[in-house]
Amino acid sequence: PQNRKHRALPHWYNTSIMGLSLSSSLRIGLLSAAAGTAAGFSFGAAAASGVRRTASTGLRPASLAAQSSAAAVSFKDAGLCKKLDVPADLLEKVDVFIFDCDGVIWKGDSLIDKVPAVLAMLRAAGKKVFFVTNNSTKSRKGYLGKFKSLGLEETQPEEIFSSSFAAAAYLEQTKFKESGKKVYIIGEVGIEEELDMIGVPWIGGGSDAGKKIALKSGYALPHDSDVGAVIVGFDREINYHKIQYAQLCINENPGCEFIATNLDAVTHLTDAQEWAGNGAMAGAIKGCPGREPTLVGKPSPLMIDYMVEKFGIERGRICMVGDRLDTDILFGQNNGLLSCLTLSGVTTEEKLLSPENEIKPDFYVDSIADFL
């Protein structure tokens, strides 16, 4: 992100959610999709040192070039992508793997082939494993249940980061609760549960499913003037009532924030096809106020800054593995990480290698089964 600015917010209190403490030294960077800029909120410790900007890759750690093989660097410098033929070429460079979920670990409710074996191999090799998903339909507690139901029993609560958690963390960091305001939710139970965990009042969400507006002469939809933020997450029951209510809050309530958990164009609801993603929901809202939302999911730095601070991990030894160029791979590049694209999700090899594509991962694979 360009034109990064920093401002310090007041010290905030610690909150522990499922064993994940929101440390007071967390540094948050929030991406503004409208201007392509980021506002940085510093809480104590600064970002990891040794980060430098390059024209081709954005923010990268100064030590990364030394850690990469000459061959890999030449591929990147030439604007090419290296298909991973020898797993050790990547595994030896990485201590921490961050996996997207939809299209990488599973599609819909079906595990992608050999995922359990890959995760077992990485853990046996002493690698740390995290899962970062832009899907806000579940809370971290809900995602833990899905991992277990798919047979991934070794998954721990502290390994899971969802955009519903990121939305709650953003409100926590900005002391939204102290404003005495409430949140209007377009989204599902994941956002509701995460806000409940931090004690932030909300309305909307599932309770507005099925609501209809009787359009008649002189009718105006009433809305709550105490709504201080609208959070838009993926919502399979979005309707015109929700869209109208959200835009009224944003346009008519002074200072009301407009927050999007993600702007993904498509998502994996089943393994048979792609389905419209949260970009469609956020787009329906942003057309009214004519302003872009604050983005808290990938590629915003919020979640990686939290992980680096909490777990003390080195950015140059982290690899982001995902199926999307504009979220997963950009998330890795903008935050000083190695990146690996998997073709098991939404991105095809043709799109990846197209001259029009400017986002190049360090490696790509057909699926993470190629790590074996």
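Our subject is the structure listed above.
A brief report on the enclosed structure follows. (Residues numbered from 1 in each chain as written. Predicted model: local features only at pLDDT ≥ 70, side-chain atom pairs only at ≥ 80, totals over all residues. Heavy atoms only, no water.)

1. Some words on the pairing of strand S17 (residues 257-260)
Our working definition: Only strands that DSSP links by at least two bridges are regarded as paired with each other. Each helix is a run of DSSP H or I of at least 4 residues and each strand a run of E of at least 2, with the numbering of both proceeding from the N terminus. Handedness of a crossover is defined as follows: orient the strands so they point away from the viewer, and if the path from the first strand over the helix to the second runs clockwise, the crossover is right-handed.
Pairing between strand S16 (residues 227-232) and S17: four bridges, direction parallel. Note on S17: the bridge partner recorded for valine 232 is alanine 260. The handedness of the S16 to S17 crossover, carried by helix H8 (residues 240-252), is right-handed. As paired elements, S17 and strand S20 (residues 294-295) share two bridges and run parallel to each other. The partner of isoleucine 259 across the bridge, within S20, is threonine 294.

2. Digging into empty space enclosed by the protein
In plain terms, the rule: Every definition here rests on a 1 Å grid over the protein atoms only: cavities are sets of points where a 1.4 Å probe fits but cannot get out, pockets are open sets enclosed by protein on both sides within 12 Å along at least five of seven lines, and lining residues have some atom within 4 Å of a point. Grid points are joined across faces, edges and corners, and a volume is the space filled by probe spheres set on the points. Gly falls in the polar group here, along with every residue not listed as nonpolar (Ala, Val, Leu, Ile, Met, Phe, Trp, Tyr, Cys, Pro) or charged (Asp, Glu, Lys, Arg).
On inspection of all chains with the given rule, the structure shows two cavities of 30 Å³ or more. Approximately 130 Å³ is the volume found for the largest cavity. Lining the largest cavity are 16 residues, and of these Asp102, Asn134, Asn135, Asp264 and Thr267 sit closest to its centre. Residue composition of the lining of the largest cavity, by class: one nonpolar, nine polar and six charged.

3. Concerning the side chain of threonine 267
Put simply, the rule reads: Residues count as neighbours in contact if any of their non-hydrogen atoms are within 4.5 Å of one another.
Among the structural elements, threonine 267 can be located in strand S18 (residues 266-267). If we skip the residues at most four places from it in the chain, threonine 267 touches Asp102, Asn135, Phe234, Glu274, Trp275, Ala276, Gly277 and Arg324.

4. Here's the deal with the packing of aromatic side chains
Here is the rule we go by: Only Phe, Tyr and Trp rings take part, Trp by its six-membered ring, and two of them pair if their centres are within 6.5 Å. Stacked means planes under 30 degrees apart, edge-to-face means over 60, and tilted covers everything else. Only protein chains enter the accessibility calculation, which uses a 1.4 Å probe; a residue whose area is less than 20% of its type maximum is buried, one above 50% is exposed, and one in between is partly exposed. A ring is scored as having a charge over it whenever the NZ atom of a lysine or the CZ atom of an arginine sits within 6 Å of its centre and within 35 degrees of its normal.
Throughout the structure, instances matching the rule amount to 12 aromatic pairs. Seen in terms of ring centroids, phenylalanine 97 and phenylalanine 99 are 6.0 Å apart; in terms of plane orientation they differ by 15°. Their pairing is stacked. The class of phenylalanine 97 is buried, set by a relative accessible area of 0%. Note on phenylalanine 99: relative accessible area 0%, which makes it buried. Taken together, Phe97, Phe99, Trp106, Phe131, Tyr143, Phe147 and Phe371 form an aromatic cluster joined through their ring pairs. In this structure, lysine 138 packs its charged tip against the face of tyrosine 143, placed 5.7 Å from the ring centre. Directly above the aromatic system of phenylalanine 311 lies the positively charged group of lysine 310, at a separation of 5.6 Å from the ring centroid.

5. Re helix H4 (residues 115-124)
Count 3.6 residues to each turn of an α-helix, and residues three or four apart come out pointing the same way. Using the following cut-off: What the arc covers is the set of directions going from the helix axis to the C-beta atoms.
Considered for burial, the residues of H4 that qualify are Val115, Val118, Leu119 and Leu122. The arc that holds every buried residue of H4, seen down its axis, measures 95°, which confines them to one face. Immediately beyond the C-terminal end of H4, within one or two residues, lies glycine 126, with a positive phi of roughly 85°.

6. Things to note about the pattern of salt bridges
Applied cut-off: The working definition used for a salt bridge is a side-chain nitrogen of Lys or Arg within 4 Å of a carboxyl oxygen of Asp or Glu.
For the structure shown, the criterion picks out 15 salt bridges. The closest approach of N and O atoms between aspartate 366 and lysine 83, which form a salt bridge, is 3.1 Å. Placement of the pair is aspartate 366 in the segment after strand S23 (363-365) and lysine 83 in strand S8 (residues 82-83), with a sequence separation of 283 residues. Note on aspartate 366: relative accessible area 38%, which makes it partly exposed.

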